[in-house]
Amino acid sequence: MIVCVCHKVSDRDIKRQVRDGCSSFEALQFETGVSTCCGCCETCAREVFQQAQGATVIERPVVMMASLAAA
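In this text the structure is predicted, and so the values were computed from the model without any measurement.

A. Quick look at the overall build of the chain. From N to C terminus, the chain includes three helices and two strands. A burial count over the chain gives 30% of its 71 residues as buried. For the chain, contacts bridging at least 24 residues in sequence account for 53% of all contacts bridging at least 6.

B. Representation of the side chain of S35 in the model. Along the chain, the position of S35 falls in the loop between α2 (25-32) and α3 (42-70). When sequence neighbours within four positions are dropped, the list of residues in contact with S35 reads C4, F25, Q29, C41 and E42.

C. Just the confidence of the model for the chain, in detail. Of all residues in the chain, 77% attain a pLDDT of 70 or more, and the chain-wide mean is 87. Segment residues 58-62 is flagged for pLDDT under 50; beyond a separation of four residues in sequence, or across chains, it makes one contact in the model.

D. Spatial organisation of helix α1 (residues 11-19). When α1 is considered as a whole, its buried residues turn out to be D11, I14 and V18. Seen end-on, α1 carries its buried residues on one side only, within an arc spanning 65°. Along α1, the residues that are exposed and aim more than 90 degrees away from the buried face are R12 and R19. If you check the start of α1, you find a side-chain oxygen 3.3 Å away from the backbone N of R12, and it comes from S10.

E. Region of interest: α2. The set of residues buried in α2 consists of F25, L28, Q29 and T32. Down the axis, α2 shows its buried residues gathered within 100° of arc, on one side only. Seen from the open side of α2, the exposed residues pointing more than 90 degrees away from its buried face are E26, F30 and E31. Looking at the residues trailing α2, positive phi occurs at G33, about 85°.

F. Structural detail: the pattern of salt bridges. Inspection of every chain in the model, using the stated rule, returns three salt bridges. Among the salt bridges present, the one from D11 reaches K15, with a minimum N-O distance of 3.8 Å. Highlighted residues: D11 and K15, both in helix α1, separated by four residues, approximately one helical turn. For K15, a relative accessible area of 35% puts it in the partly exposed group. Note that R46 and E42 form a salt bridge whose closest N and O atoms lie 2.9 Å from each other. One end of the pair, R46, and the other, E42, are both in helix α3, four residues apart, so they sit about a helical turn from each other. Overall, the relative accessible area of 31% leaves R46 in the partly exposed class.

The rules behind the values
- Residues numbered from 1 in each chain as written.
- Predicted model: local features only at pLDDT ≥ 70, side-chain atom pairs only at ≥ 80, totals over all residues.
- Heavy atoms only, no water.
- Helix = DSSP H or I, 4+ residues; strand = E, 2+ residues; numbered from the N terminus.
- Buried < 20%, exposed > 50% of the residue type's maximum accessible area, 1.4 Å probe, protein only.
- Contact = heavy atoms within 4.5 Å.
- pLDDT = per-residue confidence, 0-100.
- Arc of directions from axis to C-beta.
- Polar contact = N/O pair within 3.5 Å; in protein donor to acceptor, adjacent residues only side chain to side chain.
- Salt bridge = Lys/Arg side-chain N within 4 Å of Asp/Glu carboxyl O.

Now the structure itself:
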């Protein structure tokens, strides 16, 4: 789904940025331009960003716990 029409940023683009280490909405804006033109997408962009951060936070501890169990 396209989140930012002005800069052609999709929800997948936002999720990819978070997976690649983007840790703040301001950094996301710098990297993608999302919500820097008309601002109509800011609420949606922030929601997608926060959801992507939550998914990343949940995935990492599970992987770490699995590697500890194997040790």
